[in-house]
Amino acid sequence: SAPQPELQCHGGDERGIGPPDQKKPAAAKSKPHAALVVTEQRLREISERLRGLVQADADAYTGVLEAYRLPKNDPARLDRISASLHVATEVPLETALLASEAASLLRSLIPLTKSSVASDLKVGLFMARAAIEGGIENATANLKYQSNQRLMKSTESKLKTMKQNLEELKGL
């Protein structure tokens, strides 16, 4: 994969990561840096998983198409349609959930970021918000065709939470 840019923050270490380090003991300097390293690592993990979800979403769509192509008199057809719609709903929900986590992590970095890269973090937040909205939209569309009431209720609850997260993000 392509190299990722380093986080650039006020003061900090030789890479510009971390809060200002004037007059702080070495142990105090390392705690914020360690937290930023953990945040950066988690953002990379989220990014990798989101890339994988692109293919998972395409595969889920293929599964839905295959289920609908079964003969209408096939006794397994309705269960296959429900199961494939469940997968096709869970993938965008996971996308929205991960994007919400990424947005939260990015928000936490804004106060620590040099003004020269603050706009990059904000663009990341906008992209995360778009991913949340897209995940909600796709999950809602797939849910309309779900016949399993238990899955519908569970998914509706998850969608409600994701919509609340999105509204909080929009309020920032």
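Residues numbered from 1 in each chain as written. Predicted model: local features only at pLDDT ≥ 70, side-chain atom pairs only at ≥ 80, totals over all residues. Heavy atoms only, no water.

Caption draft 1: Up close: the overall build of the protein. On a plain count of helices and strands, the protein comes out with four helices and zero strands. For the protein, the sequential pattern of α-helices and β-strands runs α-α-α-α. Each of the 172 residues in the protein was classed as buried or not, and the buried ones make up 33%. With the model as given, the accessible surface of the protein reaches about 10600 Å², and the carbon-plus-sulfur share is 57%. (Helix = DSSP H or I, 4+ residues; strand = E, 2+ residues; numbered from the N terminus. Buried < 20%, exposed > 50% of the residue type's maximum accessible area, 1.4 Å probe, protein only. Areas by Shrake-Rupley, 256 points an atom, 1.4 Å probe, with all protein chains shown as cover.)

Caption draft 2: Representation of the pattern of salt bridges in the model. The full count for this structure, using the stated rule, is eight salt bridges. Residues E45 and R42 are paired through a salt bridge, measuring 3.2 Å at the closest nitrogen-oxygen approach. You can see E45 and its partner R42 sitting in helix 1 (residues 26-68), three residues apart, about one turn around the helix. Under the relative-accessibility criterion, E45 is labelled partly exposed at 37%. Given a relative accessible area of 26%, R42 falls into the partly exposed group. (Salt bridge = Lys/Arg side-chain N within 4 Å of Asp/Glu carboxyl O.)

Caption draft 3: The layout of surface pockets, seen in detail. Volume-wise, the second largest pocket comes out at about 180 Å³. D57, Y61, V64, Y68, L85, A88, P92, N138, A141, N142 and Y145 are the residues that line the second largest pocket. Per-element accounting of the lining of the second largest pocket gives the leading share, four residues, to helix 1. Looking at side-chain class alone, the lining of the second largest pocket contains eight nonpolar, two polar and one charged residues. (1 Å grid on protein atoms, 1.4 Å probe; cavity = no way out; pocket = protein on both sides within 12 Å on 5 of 7 lines; lining within 4 Å. Points joined across faces, edges and corners; volume = space filled by probe spheres on them. Nonpolar A, V, L, I, M, F, W, Y, C, P; charged D, E, K, R; others polar.)

Caption draft 4: Broad picture of the packing of helix 3 (residues 115-143) against helix 4 (residues 149-170). Two numbers describe how helix 3 lies on helix 4: the axes approach to 10 Å, and their chain directions differ by 155°. Judged by the angle between their axes, helix 3 and helix 4 are roughly antiparallel. At the point where helix 3 passes helix 4, the crossing takes the left-handed sense. In this structure, helix 3 contributes L125, R129, I132, E133, I136, A139, T140 and L143 to the contact, and helix 4 contributes M152, T155, E156, L159, M162, K163, L166, L169 and K170. Each residue belonging to the contact of helix 3 with helix 4 can be placed in one class, and the counts come to 10 nonpolar, two polar and five charged. (Axes fitted to C-alpha atoms, helices over the stretch in contact; angles between N-to-C directions. Parallel < 35°, antiparallel > 145°, perpendicular 65-115°, else oblique. Left-handed = near helix turned anticlockwise from the far one by under 90°. Contact = heavy atoms within 4.5 Å.)

Caption draft 5: Region of interest: the confidence of the model for the protein. This prediction gives the protein a mean pLDDT of 84; 81% of its residues lie at or above 70. Per-element confidence in the protein is highest for helix 2 (residues 77-109), whose mean pLDDT is 94, and lowest for helix 1, whose mean pLDDT is 88. Throughout residues 1-28 the model reports pLDDT below 50, and contacts reaching past four residues in sequence, or to other chains, amount to 57 contacts. (pLDDT = per-residue confidence, 0-100.)

Caption draft 6: Highlighting the side chain of T113. For T113, the location among the structural elements is in the loop between helix 2 and helix 3. Engagement of the side chain of T113 in a polar contact is seen with the backbone oxygen of L109, the distance being 2.6 Å. (Polar contact = N/O pair within 3.5 Å; in protein donor to acceptor, adjacent residues only side chain to side chain.)

Caption draft 7: Spatial organisation of the packing of helix 2 against helix 4. Two elements in contact, helix 2 and helix 4, have axes separated by 11 Å at closest approach and are oriented at 25°. On the basis of their axis angle, the class for helix 2 and helix 4 is roughly parallel. For the crossing formed where helix 2 meets helix 4, the hand is left-handed. Counting all contacts with helix 2, which are made through S82, H86, T89, E90, L93, A96, L97, S100, A103 and R107, the residues of helix 4 involved are L151, T155, K158, L159, M162, N165 and L169. For the contact of helix 2 with helix 4, the per-class residue count stands at eight nonpolar, six polar and three charged.

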